[in-house]
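# Tertiary structure, described
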Amino acid sequence: MGNQLKKWIAYRRVLREADVVIHVVDARDVKGTLNRWLNKYKSKLLVAVNKCDLVPQTAFGEIDTALSSYNHVLVSGKTGLGMSALYSAISSLARRTPAKVAIVGYPNVGKSTLMNRICGRHTAKVSPIPGETKGVQWVSTRGFLFVDTPGVIPRYERREEDLVLKGAIRADNILNPEPIAEELIGRFLEESPEKIKETYDIMVSRRDTPSKLLERIARRRGFLLKGGEPNLYEAAKLVIRDYQRGRLSIS
Ligand SMILES: Nc1nc2c(ncn2[C@@H]2O[C@H](COP(=O)(O)OP(=O)(O)OP(=O)(O)O)[C@@H](O)[C@H]2O)c(=O)[nH]1
Ligand SMILES: [Mg+2]
């Protein structure tokens, strides 16, 4: 049997066995990291909107509206925000002791970070590189059995740009990072241009185009090609990496 298929079967088994399925999504892209396929487990589904420390509080209302049909909580595995709400939501879904709780979601949304926060120790390996968690391991804590799972991308998901922005593909594996970095810079230019200014220590005005800014970032960082042209390829990968790591965030 192929490795992928084995993993898939193990994943399905975890979902079936679990009493509570915590579907972790990224607060910066809730719709994009929400896997609609998991709706078939809706009666035991709890959506944990993670990385809330990376979005302004004014965005919380919008997130609540987008998820109004889901049982959901806003959390940050990094700062501990919303953890007590998460525990009560888990408890109200748990129907036996110890209840089994599976943590699932896209690669890199922070499943292992959340698992560590819940278990209060470094149970699961965390990394800014998607695809860190590989196996499946149940951990007993707080009267529950928790399991962290490897990130899964639904089959219908194909657009590379989308996957990159969600942090599901690592920046170094992208063939053509420039348009993606420009899309990102364009968003920041609209929502908080000062963030680009601070992060890269460059001049930014609203009249600047994303490609102009990418060029400025390359020069500022000394990413130059022979002849002194800016190395946009390296600058684009830097911007994508910073976004995936949360160094470049709207807050
Ligand atoms: N700012 C911020 N960063 C977070 C938060 N949670 C996780 N991260 C960061 O996001 C990156 C991915 O975290 P992981 O916990 O490894 O994500 P994962 O979902 O387990 O990833 P895979 O196992 O690869 O699927 C790491 O760099 C974490 O430090 C959070 O709440 N806030
Ligand atoms: Mg993980």
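Report follows, based on the coordinates. (Residues numbered from 1 in each chain as written. Chains lettered and ligands numbered in written order. Predicted model: local features only at pLDDT ≥ 70, side-chain atom pairs only at ≥ 80, totals over all residues. Heavy atoms only, no water.)

### Here's the deal with the nonpolar core
With 52 residues, the main nonpolar core has Ile22, Leu86, Ile90, Ile196, Ile217 and Val239 as its most contacted residues. In this structure, this core is formed jointly by two domains, domain 1 (3-148) and domain 2 (170-244), each of which donates at least three residues. Counting residues in hydrophobic clusters, the runner-up holds 26 residues, among them Ala27, Leu67, Tyr70 and Val104. (Core = buried A, V, L, I, M, F, W, Y, C linked by side-chain atoms within 4.5 Å. Buried < 20%, exposed > 50% of the residue type's maximum accessible area, 1.4 Å probe, protein only. Domains from an automatic or database assignment.)

### What about the environment of Phe146?
Within the fold, Phe146 resides in strand E6 (residues 144-148). Excluding anything up to four places from it in sequence, Phe146 contacts Ile90, Val101, Ile103, Met115, Ile118, Gln137, Trp138, Val139 and Thr141. (Helix = DSSP H or I, 4+ residues; strand = E, 2+ residues; numbered from the N terminus. Contact = heavy atoms within 4.5 Å.)

### Comments concerning the sheet that holds strand E5 (residues 137-141)
Ordered by their spatial adjacency, 6 strands build an open sheet running E3-E2-E1-E4-E6-E5, and the pairing between neighbours is mixed. This sheet does not close on itself; its edge strands, each paired only once, are strand E3 (72-74) and E5. Averaged over all pairs of adjacent strands, the angle between their axes in this sheet comes to 25°, without regard to strand direction. Pairing geometry for E5 and E6, over 5 bridges, is antiparallel. (Pairing = 2+ DSSP bridges. Axes fitted to C-alpha atoms, helices over the stretch in contact; angles between N-to-C directions.)

### Focus: the side chain of Lys51
As for its position among the elements, Lys51 is in the loop between strand E2 (45-50) and helix H3 (60-66). Salt bridges are absent for the buried Lys51, whose nearest opposite-charge side chain, Asp26, sits at 4.2 Å. If near-sequence neighbours (up to four positions away) are discounted, Lys51 is found in contact with Asp26, Ala27, Arg28, Val75, Ser76, Asn108, Val109, Gly110 and Gln244. (Lys, Arg positive; Asp, Glu negative; His and termini not counted. Salt bridge = Lys/Arg side-chain N within 4 Å of Asp/Glu carboxyl O.)

### Some words on the packing of aromatic side chains
This model, assessed by the stated rule, comprises 3 aromatic pairs. Where Phe144 meets Phe146, the ring centres are 5.9 Å apart and the plane angle is 70°; that geometry is what we call edge-to-face. The buried category is assigned to Phe146, whose relative accessible area is 1%. Centroid distance Phe188 to Tyr243: 6.4 Å. Interplanar angle 80°. Geometry classified as edge-to-face. (Phe/Tyr/Trp six-rings, centres within 6.5 Å; stacked < 30°, edge-to-face > 60°.)

### So, the pairing of E2
E2 sits mainly inside the fold: 6 of its 6 residues count as buried. Burial of the side chains of E2 extends over both faces: Leu45, Val47 and Val49 are buried on one face and Leu46, Ala48 and Asn50 on the other. Across 6 bridges, strand E1 (residues 20-26) lies against E2 in parallel orientation. In the sheet register, Asp26 faces E2, and the bridge partner there is Asn50. Two strands pair when backbone bridges link them, and E2 and E3 are joined in this way by 3 bridges, in the parallel orientation. Within the sheet, the bridge partner assigned to Val49 lies in E3 and is Leu74. In this view, the connection linking E2 to its parallel neighbour E3 by way of H3 has right-handed handedness. (Right-handed = clockwise from strand over helix to strand, strands pointing away.)

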